[in-house]
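Listed below, chain by chain, are the residues.
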Amino acid sequence: MGARFADSVAPAATFVVIVLLWEGLCRVFAVPSFVLPRPSDIVIAAGAVEWSQWLGHLWATLQIVLIGYFLSIAISIPLAIVLTNSRLLSRTIVPMLVIVQSTPIVAIAPIIVVTLGAEMLPRVVITCLITFFPLVVSTTTGLRATPEELIELSRSLRAPRVREFMQIRLPYAVPYIFSALKVCVTLAVIGAVVAEFVAAQRGLGYLILYDTSLFKVPQAFAALVILVGVSLLLYRLVVWVERRFFPWALPRGVS
Amino acid sequence: MAVPVISLDDVGQSFVSRDGQRLEALAGIALSVERHEFVAIIGPSGCGKSTILRQVAGLLRPTAGVVAVNGLQVSEPRDDIGLVFQRPTLLPWLRVLDNVTFPMKHKTGRVDDACRARARALLAKVGLADFESRRPDELSGGMQQRVAIARALLQDPDILLMDEPFSALDALTRDEMALELLRIMDETPKTVLFVTHSIPEALLLADRIVVMTARPGRVREVMDVPFARPRGLATMEDPQFNHLANEIRQQVFSRRVA
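Note on numbering: residues in each chain are counted from 1, in written sequence order. Written order decides the labels, with chains lettered from A and ligands numbered from 1. Local features in this predicted model are restricted to residues of pLDDT 70 or higher, and side-chain atom pairs are both shown and tallied only at a pLDDT of 80 or more, whereas totals for entire chains, interfaces and linings draw on every residue. Hydrogens are left out, water is left out, and the side-chain values use all remaining heavy atoms of the structure.

Caption draft 1: The sheet that holds strand β7 (residues 159–163) of chain B, seen in detail. All names here are of chain B. For two strands to count as paired, DSSP must find a minimum of two bridges between them. A run of H or I in DSSP counts as a helix once it spans at least four residues, and a run of E counts as a strand once it spans at least two, with each numbered from the N terminus. Spatially, β6-β7-β8-β3-β9-β10 is the arrangement adopted by the six strands of the open sheet, whose pairing is mixed. Edge positions in the sheet fall to β6 (81–84) and β10 (218–224), since each has one partner strand and no second. Direction aside, the axes of adjacent strands within the sheet are offset by 15° on average. Sheet analysis places strand β3 (residues 38–42) next to strand β9 (residues 208–213), joined by four bridges and oriented parallel. Bridge assignment links I41 to a residue of β9, and that residue is V210. Most of the contacts of helix α1 (residues 49–56) go to strand β8 (residues 191–196), to which it runs at about 150°, and overall it touches β3, β6, β7, β8 and β9. Axis geometry follows a simple rule: fit a line to the C-alpha atoms, using only the stretch in contact for helices, then measure angles between N-to-C directions, giving values from 0 to 180 degrees. Contacts were defined at the residue level, with two residues in contact if any of their heavy atoms lie within 4.5 Å.

Take a look at the structure:
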């Protein structure tokens, strides 16, 4: 009973208490809604906007998140394989990756928009840029974490290099890849929002910027809540995929 | 006399370390193993025992001398050799049966029914007939190592190279596994090179024991083990057993003290 309470009821109860406290304190101290809207204000503001409009903004952002995320996966995993395979490429490409990663993404976002135009492309690129470094690093670490004995076994069988990667190294890297996938899915949401701040006519990030410029703070909060929800949902989705399809990759007792 | 299955002639191995220093791991190793002979290599850690196995498997090219299998110099990795490592190193995402058939899958890209049948027979031989659908992490360390042994035997290799295969197991399981290996080798004799640092294990299993010294690794003594086969627990109670164990222990130690 105690364990079940700690697992399920306690987090939900904490959340409810915080929302109630927020509502209560805002009422008691009469905080103006453009400074800090009450939860009830946010709900009302959310209801004031048409569903189809919310969905339009949500879809605009989600599109960028998903395209950027999957593109990033499609680039980083093959890149990690190449880096694991070649010392020369590893020496030449990795320093460049570090430079890209060290560049504040928010700082280059406007430059990317100028270079690539104000369409979807720059937003996808920005999302890619923010997500792909952790993926490359984690995947490379995973590919290199394969026990040496298995590589020796592979070599003694004179198996093609492709099979060494497909049947040994990549599956071994799965736990590493998933830990990066979990981090990156939330980073992808950040990337999409940053991109929308810089140049967009639609999307939840754009909406927050637009609403705050008009002091429609409750509505901005509503957009923020949706963003958090999207982020959490995507994270849960990645966790689900890992548990469903790669249960052996989890530490014992988790599944 | 017939050509020995494994022969090492004046074999040396040196490595260049990161700071450019030359490290001699093995020097002047001469050794030959006859067909279906069980040879144990024993010595302090760092004496290059495992290096010898890697040379025989063709995973490492000796920097001096000649390593030959069936009279032919080893120049590339060979797949007619079964490898068993210190850790079971099974693939955690594959069932036990698929782990046993993995060498075939990895080498040819597919596994046929005959291969699966052979894998089942091998699992029965190592006492894991009922476990073929389990995942490796559901098995104990000893059971995992049995699977690794079955995997090594899949292609019915004539040569089995075992690199401290039982040293990661607890003492009881270790003895059990050694007796198990004795039984398997009685049923299907192989030419075995067995690296260990357990003297009783070497005495129980081997026909001959190669005692090595370290830095660089050299053969100090090759000793015949006189116990008749089949061997078993009773072999360890032979008064000669302790006597020989002490003798080997002294040889391993004498050099280190000097």
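Having seen the model, we can carry on.
Caption draft 2: View of the packing of helix α3 (residues 51–85) of chain A against helix α6 (residues 120–144) of chain A. Residue and element names in this part refer to chain A. Where α3 meets α6, the axes come as close as 6 Å, and the angle between the chain directions of the two elements is 35°. In this structure, α3 meets α6 at a crossing whose hand is right-handed. In this classification, the charged set is Asp, Glu, Lys and Arg, the nonpolar set is Ala, Val, Leu, Ile, Met, Phe, Trp, Tyr, Cys and Pro, and all remaining amino acids, among them Gly, are polar. A breakdown of the residues in the contact of α3 with α6 according to their chemical character gives 19 nonpolar, nine polar and two charged. Each crossing gets its handedness from the near helix: less than a right angle anticlockwise from the far helix is left-handed, clockwise is right-handed.

Caption draft 3: Structural context of the pairing of β7(B). Residues and elements named next belong to chain B. Exposure is judged per residue with a 1.4 Å probe applied to protein chains only, and the accessible area is read against the type maximum: over 50% gives exposed, under 20% gives buried, and values in between give partly exposed. Taken across its five residues, β7 has five buried, putting it largely inside the fold. The alternating pattern of β7 places I159, L161 and D163 and L160 and M162 on opposite faces, both of which are buried. Alignment of β7 against β8, held across five bridges, turns out to be parallel. Residue pairing in the sheet places D163 in a bridge with V195 of β8.

Caption draft 4: Highlighting the sheet that holds strand β4 (residues 64–69) of chain B. Residue and element names in this part refer to chain B. Read across the sheet, four strands follow the order β2-β1-β4-β5 without closing on themselves; strand pairing throughout is antiparallel. Of all the strands in the sheet, the pair left with one neighbour each is β2 (22–33) and β5 (72–73). Pairing of strand β1 (residues 6–16) with β4, which is carried by five bridges, proceeds in the antiparallel orientation. Of the residues in β4, the one forming a bridge with L8 is V67. Across the sheet, α1 touches β1, β2 and β4, and the angle it forms with β1 is around 115°.

Caption draft 5: Representation of the nonpolar core in the model. Residue types Ala, Val, Leu, Ile, Met, Phe, Trp, Tyr and Cys, when buried and joined through side-chain atoms within 4.5 Å, form a set referred to as a nonpolar core. Counting 52 residues, the largest nonpolar core has B:L203, B:I209 and B:I248 as its most contacted members. In this view, B:L203 contacts B:I209, B:V225, B:F227, B:R231, B:F241, B:L244, B:A245 and B:I248; residues no more than four positions away in its chain are not counted. Membership of the second largest hydrophobic core comes to 48 residues, among which are A:V49, A:I77, A:I168 and A:V238.

Caption draft 6: Fine view of the pairing of β6(B). Residue and element names in this part refer to chain B. Residues of β6 alternate between two faces, with I81 and L83 on one and G82 and V84 on the opposite face, all of them buried. As defined by bridge partners, β6 adjoins β7 across four bridges and the pair is classed as parallel. Its bridge partner lying in β7, G82 is registered against L160.

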